[in-house]
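Okay, here's what each chain looks like letter by letter:
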Amino acid sequence: MKNTERADSRAARRFAIPQEGMGPSPRITISGGSHVLVEGLNALEEYAEDKVTASVHRGSVIIRGEGLHLDAMSEHELSVSGRIWGVELE
Amino acid sequence: MTWWRYLTGFAVMELRGVAPERLLTALASRSIGFWDADKTDEYTLRFTVPLHEAEFVGQLAESRGLECEALVRKGIPRLWRSVKKRKTLLIALALCAALLAVSRLFIWSIEVQPCEGVTESEIRAALSECGVDVGRQWTNLSQDLLRNELLRRVPELRWATVNVRGSCAEVILRPKREKPEPVNETETADITASQSGYVTEVLPMRGTARVSAGDTVLAGETLIEGLATGRFETHGAVRAIGEVRARCWTEISACAPETLAVKRESGRTKSRWALIFGKRRINLFKGCSICPVGCAKIATEAAIAPAGVSLPIRLVREIYTEYETTRQSAPELREELEAELAAVLTRQVGEDGEVTALRYTQSRANGMLYVTAYAECEQSIAETVPHSMQP
């Protein structure tokens, strides 16, 4: 795993290619303080009103907040709205 | 999009178990859409899926050890499944729709706009002769031919049209305006008194006034002569124009038999109902609808249809009111005669005239009541009489 990661980073730097173009890396977009879009989703692990956990490539994304609500979900994307307090990466 | 979801059908599912939200990942990976996901407590999750996916979602949940229940199933597909079994209802609905579609090809009600000088019954009779009647098909009616036929049959009309909306024919009419009588300005004439009176005002506009305010004139007397005087004392015959007002005294009488019988309602009424389908009448009571002796009948018809739709069904209500024949009392008879006399006087003086004093007297002779009105009126007495018509 470690060698692959380094190879990806080296190739991206050498050929001036954005990191996300080199593999299935997750992307998290936060709009205002009320909407989070997670791309590169693998699975939804946990869903509660104050915490949403989604597993992504190479880790998990934890969204903490209040009144969290699943707006939409597809195979690789997840949209959550509500009062967002923080987004953690593990 | 709510209407679209109802059109395709949806089901509200409830999942119970440990981490029920993990099933959502399986749904997403199989491209099964869901919405309104809501976790009610730690072990219960509700969400909505398309109706055709509900069964699969239940099987998927059971395979993962979760309890799944469809709380609500709604939508057109569900409705269709329940209605499909009721063949008789479907056939009846289809039959009603077909009857409604076919019935719209026929006229079931005719509305005639009121028109001066022509009664509604005359118009309806003329329409019937032209082929516009209740129960007739309207699709082969020609507007131009219909208009020409109607104008030919009813000469009092200037213009007519029949608009058909659904099954209701609306007839719009315009009456003929009477051509005003042309005045021959070159014909010489005098203004004479139409009746005797005491002149109160003279306004000559053309001609020479022969009377002035304060004079007493007799009927036929010349008031304004059709003679014009020029600047150099030359004379010429003209058509006199002017206004002369006078106070006149009129006496008119009316009489009626003292034993005049009138109908008085006793207050007892009875209603009977009937239905009219197209032109066929079905009585909802026993017996015939001939009005019994001692009763007056008033029949009213009302259409049975929602607003904007014309159907060939009308409800008829016949109200029978009992009456008794009694003699009219003398005061009532006198009041009636006095009212008639007052109306005649008002018509006589015209719009610009006024009845300034009025009194009545009554007398009886040979079983008759005579009422006489003595009126003092302020009115115009000017009447144009051409020189050719004067003796």
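Right, let's walk through the structure included here.

Reading the values: the criteria
- Residues numbered from 1 in each chain as written.
- Chains lettered and ligands numbered in written order.
- Predicted model: local features only at pLDDT ≥ 70, side-chain atom pairs only at ≥ 80, totals over all residues.
- Heavy atoms only, no water.
- Contact = heavy atoms within 4.5 Å.
- Buried area = accessible area lost by both parts, 1.4 Å probe.
- Salt bridge = Lys/Arg side-chain N within 4 Å of Asp/Glu carboxyl O.
- Patch = residues over 30% accessible without salt bridge, like charges linked within 9 Å, V, L, I, M, F, W, Y side chains within 5 Å.
- Areas by Shrake-Rupley, 256 points an atom, 1.4 Å probe, with all protein chains shown as cover.
- Lys, Arg positive; Asp, Glu negative; His and termini not counted.
- Charge placed at Lys NZ, Arg CZ, Asp CG, Glu CD.
- Helix = DSSP H or I, 4+ residues; strand = E, 2+ residues; numbered from the N terminus.
- Buried < 20%, exposed > 50% of the residue type's maximum accessible area, 1.4 Å probe, protein only.
- Axes fitted to C-alpha atoms, helices over the stretch in contact; angles between N-to-C directions.
- Parallel < 35°, antiparallel > 145°, perpendicular 65-115°, else oblique.
- Left-handed = near helix turned anticlockwise from the far one by under 90°.
- Nonpolar A, V, L, I, M, F, W, Y, C, P; charged D, E, K, R; others polar.
- Phe/Tyr/Trp six-rings, centres within 6.5 Å; stacked < 30°, edge-to-face > 60°.
- Lys NZ or Arg CZ within 6 Å of the ring centre and 35° of its normal.

### Structural notes on the interface of chain A and chain B
The partner chain B presents twelve residues to the twelve residues of chain A that form the contact. Counting each side, the surface lost to burial between chain A and chain B is near 1100 Å², with a carbon and sulfur contribution of 56%. When the buried area of chain A at its contact with chain B is split by residue, A:E45, A:Y47 and A:M73 rank highest and sum to 47% of it. For the pair chain A and chain B, the interface holds one salt bridge. Across the salt bridge formed by B:R22 and A:E45, the nearest N and O atoms sit 3.4 Å from each other.

### Considering a negative patch on the surface
Taken together, the side chains of A:E49, A:D50, B:D36 and B:D38 define an acidic patch exposed on the protein surface. Its place among the elements puts B:D36 in strand β2 (residues 35–41). Owing to a relative accessible area of 48%, B:D36 belongs among the partly exposed residues under this scheme.

### Section: the packing of helix α2 (residues 22–29) of chain B against helix α3 (residues 54–63) of chain B
All names here are of chain B. Close contact between α2 and α3 brings their axes to 11 Å; oriented N to C, the two are set at 130°. Looking at the two axes, α2 sits oblique to α3. Regarding α2 and α3, the two cross each other, and that crossing is right-handed. Contact with α2, carried on its side by L23, A26 and L27, involves V57, L60 and A61 of α3 and no other residues of that element. The residue makeup of the contact of α2 with α3, split by class, is six nonpolar, no polar and no charged.

### With respect to a nonpolar patch on the surface
All names here are of chain B. A cluster of nonpolar side chains, W3, W4, Y6, L7, I76 and L79, forms an exposed patch at the surface whose accessible area comes to about 630 Å². When contributions to the nonpolar patch are tallied by element, the ones reaching two or more residues are α1 (2–8) and α4 (76–84). Looking at the nonpolar patch, the element that brings in the most residues is α1, giving four residues. Inspection of the secondary structure assignment puts I76 in helix α4.

### Observations concerning the packing of aromatic side chains
All names here are of chain B. Taken as a whole and judged by the stated rule, the model has three aromatic pairs over all chains. Between W3 and W4, the ring centres sit 5.9 Å apart and the planes meet at 80°, which makes this aromatic pair edge-to-face. Each ring, one from F34 and one from F47, has its centre 6.1 Å from the other, and the planes form 70°; the classification is edge-to-face. Taken together, the residues F34 in the loop between α2 and β2 and F47 in strand β3 (residues 44–50) connect sequence positions 13 residues apart. Residues F34 and F47 agree in their burial class; the two are buried. The positively charged end of R5 is found above the aromatic ring belonging to W35, 4.4 Å away from the centroid. Geometry around Y374 places R359 over its ring, the cationic atom sitting 4.5 Å from the centre.

### A closer look at the pattern of salt bridges
Residues and elements named next belong to chain B. Taken as a whole and judged by the stated rule, the model has 26 salt bridges over all chains. R281 is the salt-bridge partner of E318, the closest N and O atoms lying 2.8 Å from each other. Of the two residues, E318 sits in strand β19 (residues 313–327) while R281 sits in strand β17 (residues 280–283), which places them 37 residues apart along the sequence. Taking the relative accessible area as the measure of exposure, R281 reaches 35% and is therefore partly exposed. Connected through salt bridges with shared partners, the residues E14, R16, R46, E67 and E69 form a single ionic network.

So yeah, pure geometry; function would need other evidence.
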